[in-house]
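Here's the letter readout for the chains.
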Amino acid sequence: MPDHFHGVIEVLEPMEWSLGDIIQAFKASCTSQWQRLMGMEASVNRPISVDLNGPKVPGWLREKALRHDNEGALIRSMSKKQRQEYYALVGRNQQPLFDDNYDDTVCLDERHRQAMIAYVHDNPRRALLRRLLPDVMRRCLHVRIGNRSYGAFGNLFLLRWARKIQVQCHRKHPVTGQPYEETADYASERQQWERAILEGCTVIVTPGISGGERLMKNECLQQGFPLIHLQKEPIGAFWKPERQRFEACANGSLLILAPWDLDAMGSVGSVPADSEYSRFHNLNTLAAEICAFDGAARILG
């Protein structure tokens, strides 16, 4: 990819090295090859004492180099913050090709493995869509909606639509005890939601957790109906939606919101705030707040 690398590592037998060791060796090897091709001095295992000349050298660098000079003080012995300061001092030529750390997913079965391989193959198309459709494929780590902060991915303009309707369903009918999505009451509500969508300027807002909510959420995704979907999983710098929601974002019909302080909302009926029960109810409380929201969201970062 233009700014990162994907790979699938298949482990066929017990390994002598950890995955971290393998990734570190791969990244160091790539950096060495790149620096050699560019005619640069190698930075791997390079003593930092060679960079002590000049008035801008920070005291910690002088101290570290002098303390370990007999051992050849290495760049990799620095903390992440120290490396950033060091690279700012010595320039791009000595900076590794890759950032620190990596993200990994363990595939537990063949189906998962094939899904990850398919994701890697599909990633260039996804990146192209994000570049071509920046307004509806936007990732924002902090969006202020009312008094709360969310991570967001998708079409933020959906927050400004004229009418937002919350889809909230019990798991079971309060009278008959049936799964709520199998009742006549649910069928009637669903007809009303669909009618409102087809009339225009209506966005469905739901976490899609209970059976009835999930059915309506999936219909919106399949039919391309406008949807604001709340999820409990945070949206970070490297988070991406799965294929169905990614395609809905590309079509401009979806905004995914993830509250940063969900568990800080408190317990529900003495049930701990970090339980699935309380999260379910608190997400629906947020859905109601978003339906009542008629201002402009503030993008903080």
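See above for the structure.
Our subject in this report is the structure included herewith. Bear in mind the structure is a predicted one, so any value in this text is a computation, not a measurement.

### A few points about the nonpolar core
Here is step 1 of the chain: Counting 27 residues, the largest nonpolar core has Met137, Trp193, Ile204, Met216, Cys220 and Leu254 as its most contacted members.
Here is step 2 of the chain: Residue assignment for this core shows that the elements contributing at least two residues are α5 (184-199), α6 (211-223), α7 (243-250) and β6 (254-259).
Here is step 3 of the chain: Beyond its immediate sequence surroundings of up to four residues, cysteine 220 is in contact with Ile197, Ile204, Phe225, Pro226 and Leu227.
Here is step 4 of the chain: Counting 20 residues, the second largest nonpolar core, distinct from the first, contains Leu156, Ile228, Leu255 and Ile290.

### So, the pattern of salt bridges
Here is step 1 of the chain: Under the definition given, this model contains 14 salt bridges.
Here is step 2 of the chain: Arginine 125 is paired through a salt bridge with glutamate 247; the nearest N and O atoms lie 2.5 Å apart. With a gap of 122 residues between them, arginine 125 in helix α4 (residues 110-132) and glutamate 247 in helix α7 connect regions that are remote in the sequence.
Here is step 3 of the chain: Taking the relative accessible area as the measure of exposure, glutamate 247 reaches 24% and is therefore partly exposed.
Here is step 4 of the chain: In this structure, arginine 279 and glutamate 276 form a salt bridge, with 3.2 Å as the shortest nitrogen-oxygen distance.

### Let's talk about the pairing of strand β1 (residues 138-145)
Here is step 1 of the chain: With six bridges joining them, β1 and strand β2 (residues 148-154) adopt antiparallel strand pairing. Residue pairing for β2: arginine 138 is matched across the bridge by glycine 154.
Here is step 2 of the chain: Where β1 hands over to β2, the hairpin turn is made up of two residues, of which glycine 146 adopts a positive phi near 65°.

### Some points on the packing of α6 against α7
Here is step 1 of the chain: Between α6 and α7, the least distance of the axes is 9 Å, while the angle of their chain directions is 55°. Taken together, α6 and α7 sit at an angle that is classed as oblique. Every pair of crossing elements has a handedness; the one defined by α6 and α7 is left-handed. Judged by residue contacts, Asn218, Leu221 and Gln222 of α6 engage Gln244, Arg245 and Ala248 from α7.

Rules and cut-offs
- Residues numbered from 1 in each chain as written.
- Predicted model: local features only at pLDDT ≥ 70, side-chain atom pairs only at ≥ 80, totals over all residues.
- Heavy atoms only, no water.
- Core = buried A, V, L, I, M, F, W, Y, C linked by side-chain atoms within 4.5 Å.
- Buried < 20%, exposed > 50% of the residue type's maximum accessible area, 1.4 Å probe, protein only.
- Helix = DSSP H or I, 4+ residues; strand = E, 2+ residues; numbered from the N terminus.
- Contact = heavy atoms within 4.5 Å.
- Salt bridge = Lys/Arg side-chain N within 4 Å of Asp/Glu carboxyl O.
- Pairing = 2+ DSSP bridges.
- Axes fitted to C-alpha atoms, helices over the stretch in contact; angles between N-to-C directions.
- Parallel < 35°, antiparallel > 145°, perpendicular 65-115°, else oblique.
- Left-handed = near helix turned anticlockwise from the far one by under 90°.

All quantities given are derived from atomic positions and should not be read as evidence of function.
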